[in-house]
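# Breakdown of the fold
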Amino acid sequence: MRTTFRSLAGYNYRLWAAGALVSNVGTWMQRTAQDWIVLTQLTNQDATAVGIVMSLQFGPQFLLLPLTGYVADGLDRRKLLFFTQAAMALLALGLGVLTLLDAVQLWHVYLFAFLLGCVTAFDAPTRQSFVAELVGDAHLSNAVALNSTSFNAARMVGPAVAGVLIAAVGCGWVFMLNALSFVAVLGALALLRPGQFHPRVAGGGQRRGVADGMRHVWHRPDLRVVLAMFFLIGAFGINFPIYISTMAVSVFHVGASQFGLLTSSMAVGSVTGALMAAGREKPRMQLLLGAALAFGTFLLVAAVMPSYRLFAVALFFVGLSTQTFTTTAHSAAQLWCDPALRGRVIALVLAVSAGSTPLGAPLIGLVANTLGPRWSLVAGASSGFLAAIVGLSALARQRRAARAALAANAGARTG
């Protein structure tokens, strides 16, 4: 257990993790309410509309890529996080006010999703690379895994609480509570001790922009594989709001509370996967390959589950495999890259994974509308199998290169 939670020994990371946990609960509450209001109140169970919301929310991470990673590497990350977190609080407040006034329309949700996506595009790479300043490279992999644990622990609590609140007081108050939750992370930022920050690696002449990060990744086969696998699973696999909402409403015909519990069930698996990742010292390609294969397999199992309860059980394993894949991929991207380019590499990874959602989410929503929710899960599962093929090819190349290097060394010694 000491190994699993070793990053929490430091004051700065412990404080940051506590504030982030509260804010993450609010974020998941809002996501649940947002999907529910689009699917059941603003449309007639239109899964494509949910996909459009996802596209607008995640698309800016790709569109703003030339700026986000450069900003994360070039500006004071703590000050930048003050701005982004406050902006997200104001956006939640605005959507909450519109909903409480019974004035919210579908285009409002689209607009707020796009604005939130723009802010998140700067917040996400800054937040992830800021962790290195809190814990240093020695504990970075552990801290990344604990961040994922916090995010998914909040996913256990947030949707379940949101489901109860939606049924009791409506979606508007859920948005308002999310706005309030940002006080915790802003307070944590204010109370951090800058004197205990780990020094950032200077970029020197390398700081010309996102092109440096792209060139760096292009010349690293291991990082290229991570991006390719993340693109496939991010675009066509990680579309859980569509899967869960359409299965809940159209297949199992349950209400808001049961809908929230499905997301919580998957989050239990995600927390389990994140805690397992926190105990590992280094990310490995074999684990990335196995996680992608497991993701496809369990999503396929979820597609054929005949009852609400069995579907919830399958979602536990979907969450476990998803978290194992994403945590391993994020750790690999941070630890395998040049530390001076870390912010730009992270921004590129996030842009490829989340920014690919505009390509996949509307398509998955269309599949759910035309062929049924179960077929959307089958389509998502195929992305895991394709990513596993990419990982298997990379692993085979690594092993061939290792054997060739051994043979060359043996030849040199005998010569």
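Structure: see above.
Residues numbered from 1 in each chain as written. Predicted model: local features only at pLDDT ≥ 70, side-chain atom pairs only at ≥ 80, totals over all residues. Heavy atoms only, no water.

### Some remarks on a positive patch on the surface
Together, Arg224, Arg397, Arg399, Arg400 and Arg403 line one region of the surface with positive charge. Considering the arrangement of structural elements, one finds arginine 399 in helix H17 (residues 373-414). Residue arginine 399 is classed as partly exposed on the basis of its relative accessible area, which comes to 47%. (Patch = residues over 30% accessible without salt bridge, like charges linked within 9 Å, V, L, I, M, F, W, Y side chains within 5 Å. Areas by Shrake-Rupley, 256 points an atom, 1.4 Å probe, with all protein chains shown as cover. Salt bridge = Lys/Arg side-chain N within 4 Å of Asp/Glu carboxyl O. Lys, Arg positive; Asp, Glu negative; His and termini not counted. Charge placed at Lys NZ, Arg CZ, Asp CG, Glu CD. Helix = DSSP H or I, 4+ residues; strand = E, 2+ residues; numbered from the N terminus. Buried < 20%, exposed > 50% of the residue type's maximum accessible area, 1.4 Å probe, protein only.)

### Considerations on the packing of aromatic side chains
How two aromatic rings sit relative to each other is set out by the distance from centre to centre and by the angle between their planes. All told, the structure shown has 11 aromatic pairs when counted by the stated rule. Between tryptophan 16 and phenylalanine 130, the aromatic rings sit 5.7 Å apart at their centres with planes inclined by 80°, giving edge-to-face as the arrangement. Taken together, the positions of tryptophan 16 in helix H1 (residues 11-42) and phenylalanine 130 in helix H6 (residues 106-135) put the pair 114 residues apart, joining distant regions of the chain. Both residues of the pair, tryptophan 16 and phenylalanine 130, count as buried. Centroid distance phenylalanine 231 to phenylalanine 236: 6.4 Å. Interplanar angle 90°. Geometry classified as edge-to-face. The class of phenylalanine 231 is partly exposed, set by a relative accessible area of 31%. (Phe/Tyr/Trp six-rings, centres within 6.5 Å; stacked < 30°, edge-to-face > 60°.)

### Structural notes on the packing of helix H5 (residues 77-100) against H6
Where H5 contacts H6, the axes come no closer than 9 Å and their chain directions differ by 155°. Considering the angle they form, H5 stands roughly antiparallel to H6. Judged by the sense of rotation from one axis to the other, the crossing of H5 with H6 is left-handed. Across the contact of H5 with H6, the residue classes tally to 13 nonpolar, seven polar and five charged. (Axes fitted to C-alpha atoms, helices over the stretch in contact; angles between N-to-C directions. Parallel < 35°, antiparallel > 145°, perpendicular 65-115°, else oblique. Left-handed = near helix turned anticlockwise from the far one by under 90°. Nonpolar A, V, L, I, M, F, W, Y, C, P; charged D, E, K, R; others polar.)

### Focus on the environment of arginine 220
Structurally, arginine 220 is set in the loop between helix H9 (210-218) and helix H10 (221-236). A residue is classified by how much of its surface remains accessible, and arginine 220, at 25% relative accessible area, is partly exposed. Taking the C-alpha atoms as reference, arginine 220 lies 9.0 Å from tryptophan 336; in sequence the two are 116 residues apart. Leave out the neighbours within four places in its chain, and arginine 220 touches Trp336 and Cys337. Within the structure, arginine 220 has its side chain in polar contact with the side chain of aspartate 222 (distance 2.8 Å). (Contact = heavy atoms within 4.5 Å. Polar contact = N/O pair within 3.5 Å; in protein donor to acceptor, adjacent residues only side chain to side chain.)

### A closer look at unusual backbone geometry
Even without a glycine there, the phi angle at glutamine 45 is positive, about 55°. When you line up the elements, glutamine 45 lands in the loop between H1 and helix H2 (47-58).

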